[in-house]
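Residue strings, one per chain:
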Protein chains: 2
Amino acid sequence: MAKEKKQPRPKAETPKGFRDYFGAEVTERAEMLQAIARVYHLYGFEALESSAVETVEALGKFLPDVDRPNDGVFAWQEDENDDWLALRYDLTAPLARVYAQHRNDLPTPYRRYAMGPVWRNEKPGPGRFRQFYQCDADTVGAPSVAADAEICAMLADTLETVGIARGDYIVRVNNRKVLNGVLEVMGLEEGEQRDAVLRTIDKFDKVGESGVRELLGKGRLDVSGAYIDGVGLSDEQAGPVLAFLTSKSADTAETLGNLRTAVGESVIGLEGVQELETIANLLDAQGYGPDRVVIDPSVVRGLGYYTGPVFEAELTFDILDEKGRKRQFGSVAGGGRYDDLVKRFTGQAVPATGVSIGVDRLLAALREKGRIGGSINGPVVVTVMDRDRMADYQGMVGELRRAGIRAEVYLGNPKNFGNQMKYADRRGAPIAVIEGGDEKERGVIQIKDLILGAQIAQSATLEEWKERPSQFEVPRDQLIEKVREILEEQGG
Amino acid sequence: MAKEKKQPRPKAETPKGFRDYFGAEVTERAEMLQAIARVYHLYGFEALESSAVETVEALGKFLPDVDRPNDGVFAWQEDENDDWLALRYDLTAPLARVYAQHRNDLPTPYRRYAMGPVWRNEKPGPGRFRQFYQCDADTVGAPSVAADAEICAMLADTLETVGIARGDYIVRVNNRKVLNGVLEVMGLEEGEQRDAVLRTIDKFDKVGESGVRELLGKGRLDVSGAYIDGVGLSDEQAGPVLAFLTSKSADTAETLGNLRTAVGESVIGLEGVQELETIANLLDAQGYGPDRVVIDPSVVRGLGYYTGPVFEAELTFDILDEKGRKRQFGSVAGGGRYDDLVKRFTGQAVPATGVSIGVDRLLAALREKGRIGGSINGPVVVTVMDRDRMADYQGMVGELRRAGIRAEVYLGNPKNFGNQMKYADRRGAPIAVIEGGDEKERGVIQIKDLILGAQIAQSATLEEWKERPSQFEVPRDQLIEKVREILEEQGG
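A short tour of the structure in this document, coming up. Bear in mind that the values here come from a model prediction, so they are computed numbers and not experimental data.

With that settled, the discussion passes to unusual backbone geometry. Residue and element names in this part refer to chain A. Following Thr-108, the chain continues to Pro-109 via a peptide bond in cis, the omega torsion being -5 degrees. Phi angles above zero are rare outside glycine, and Asp-82 is one such case at about 65 degrees. Along the chain, Asp-82 falls in the loop between strand 4 (75-77) and strand 5 (84-87).

Take a look at the structure:
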């Protein structure tokens, strides 16, 4: 075997745009995903874990007239056959491939959920990573909007299950078909002007009604001072679009009435309104009223992509933004009906509807709400006072673990006791257990409440702390009892 | 925007060597990993999820005198800076990178566990995939063999927790230092002959004592009929190696005595024996006797790689191999001490010890033992008899779910009832619920026990089945009660 070339020491760094997750970051996400999976499973959805690697053809990531895949994916060429492989950039493209590949063995409709990392070959930025989690649920092969209603109900249940209280979220539902009807009554055929109108609608979130009105018309002075050219519609022509975007009323029947007016005689438009009505009725009958799932034509995200109902879950509680201003937390999940999912592979249109939860955003929301984080999670640390009595100390942690208490013995160099206490601190240990030779002889142990100890250290002048000792001597056989007592006090 | 080039339909296939996992395959693995994580966590180990993508330098995957990474990894070059990135091929190399990168913020010793997919750019074969799961626990920065003993105890606890009964597994422990002592007394310096002896020892599993004796000497006729040249040692020279490999006795003290004889005066050898004795004593004191963790110098796997204690967990129950012969299930986990883990990055040797569980093999063992699989997992299927009463049917599944019962409504075209029953069958549904117009009027529903129904269909001639109806008419308000009753019967 050839010897390895002498090389400079490698840098210990993640590639740019990638990061590591430690301890609670990992377990909190895992627990949230498990809770979500339980809801999905209860709804009859089946887990699917597709491979992280796909052919670029399956992902649909070949650009025209170029000989390598889209920059948006991480791709490489196989040595043996020159095939291009790539890391999946979402969980939807693999679902399409899996369904097309296994459709004869899968039930129809096929309800599936998937959760896992996806990769984007994009310029990383603050808080923008090139590997992140997605968590999707989709129903393939069900043309009925009952499938869309089910997804909306499941989304509401999921948010409540992970810890978002009713009233703190709303699932909004719109329908691309209604928009198509609006475009039809406006006389906009497929083409450049229609695309321009769609792009303008997409800005409704940012620029609001008056902004969209200007952009559909002559144009608009941007906040930056730049003048943005308008689409050039007359006020009259732009009317149906604005009527559509602003048709939401406090009353669902009224919203639907407004939409009917906006789509006029358009068959596709009326079909869209009918679908929204069916969804609202199905959900109402199951107790998902407009306080949880609401018909809201101002939902524009995804309208350009989806072909039927579109949904978005927003968290409605306030947080402070980076400038200290109050704003709503915002979107944590979105989805809709996309009936061309499998067509690329089979030539056959297969109806499909689904939702994707923004895992990191939902985790951030749960932290914001105090639903996760902040709990005492470190192990009880048993210190080593006598290197030759390691078996005794390992016996103690064994006892603690059998009682279900997270515990570890200090495994570094035990010479310096201060280092052991520093270690316990870094581990977030709630309790340290100490048994020196003297204690061993007397059949006792020292139990140190590190949380209380830290509190006392911080406010040592207060009378009340003086009466509360943070270190206790107890008989050896009361180890479990006393540790449990302190952990309960700390948790309370 | 340019139009997409007209291309032939992509094939709906995973790349060669990759596969998808469906339903129970995903959830059973997830549950096993969760159970393992709970044990690791109880032992004070912290979760770590490193990025799937690393620089090839960090992975140490540049071969000498070539300008691209080792074929063993999936690698690609970044567009902007020509850096090579690659998918991790195990969880150990990333641990080394993470520890080197974050060592000032991590506790020392650092106990961490990691579970997730790894990727190998190797020729796929039957049952050999290019993406698979690993599940590792390591302690970095603890020189004491108490850390090794802890890993062995944790491994035993882990196997029992996931469902391998005591008596069905054994954790075997060996030590590279003892082997080094043996090589020392043989007078074998580092060099070609020593490497040849190490390679020969590695075959002990396959060729046994007599085979190793021949291979250390003149050579050996292979089963294929080929003659394998030997290392060329005399019988006397080969003696210590064979004494080492066969030194296991039913009694640990005797095993250790045999090893002491084998290493003679070698300082490193005696240190190794002493370490094994310490490990055995520590484990014994905690109740991990030689029926669970045993000193066994015949463990050769990893001896070439590790620098201190080496462990391997084997399952000792019999299974039938592909030819119908009984054989032991074999290894499901292995590990050891490797003190040069971080040195590549920092120049500093950092002691580290750990274990890796073969996720797929352990899953296969649990299936073999009937610990997972075989349970009724499909949802209750509510059929659609009247398309206009979807709200009623969704109300039923809502009720069932609120009672914690997995349930779904049929979302395909409801016209053909036979299709609905075929769907229920494919879903593995234990029960179908039917409410036609007639039932609705009379305030009843039909509940069909599909498991019992299938049994009756299979053995229709038996008298006993005739008396057991598989379909029941019950009042609508007894839906939950009756479904629960049937599910309990089916589970029993």
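All names here are of chain A. Within the secondary structure, Thr-316 is located in strand 12 (residues 309-320). What makes Thr-316 partly exposed here is its relative accessible area of 22%. It is 15 Å that separates the C-alpha atoms of Thr-316 and Arg-367, two residues lying 51 residues apart in sequence. What Thr-316 contacts, discounting residues up to four positions off in sequence, is Gly-167, Asp-168, Tyr-169, Ile-170 and Gln-328.

This part takes up the interface of chain A and chain B. Reports of interface size often rely on the accessible area that becomes lost once the parts have come together. With 105 residues of chain A at the contact, the number on the chain B side is 105 residues. The interface formed by chain A and chain B holds 14 salt bridges in total. Between Glu150(A) and Arg401(B) there is a salt bridge whose closest N-O contact spans 3.8 Å. The dominant element in the side of chain A that touches chain B, judged by the number of residues it contributes, is helix 1 (residues 24-42) of chain A, at six residues. Per-class residue counts for the side of chain A that touches chain B are 49 nonpolar, 25 polar and 31 charged. With two bridges joining them, strand 1 (residues 21-22) of chain A and strand 2 (residues 46-49) of chain B adopt antiparallel strand pairing. From the neighbouring strand, Tyr21(A) faces strand 2 of chain B, where its bridge partner is Glu49(B).

To continue, consider the sheet that holds strand 4 of chain A. Residue and element names in this part refer to chain A. What the three strands build is an open sheet, ordered 3-5-4; its pairing is antiparallel. The sheet terminates laterally at strand 3 (53-55) and strand 4, the two strands that pair on one side only. Direction aside, neighbouring strands of the sheet carry axes that sit 30 degrees apart on average. With three bridges connecting them, strand 3 and strand 5 associate as antiparallel partners. By the bridge assignment for strand 5, Glu-54 is matched with Ala-86.

Reading the values: the criteria
- Residues numbered from 1 in each chain as written.
- Chains lettered and ligands numbered in written order.
- Predicted model: local features only at pLDDT ≥ 70, side-chain atom pairs only at ≥ 80, totals over all residues.
- Heavy atoms only, no water.
- Helix = DSSP H or I, 4+ residues; strand = E, 2+ residues; numbered from the N terminus.
- Buried < 20%, exposed > 50% of the residue type's maximum accessible area, 1.4 Å probe, protein only.
- Contact = heavy atoms within 4.5 Å.
- Salt bridge = Lys/Arg side-chain N within 4 Å of Asp/Glu carboxyl O.
- Nonpolar A, V, L, I, M, F, W, Y, C, P; charged D, E, K, R; others polar.
- Pairing = 2+ DSSP bridges.
- Axes fitted to C-alpha atoms, helices over the stretch in contact; angles between N-to-C directions.

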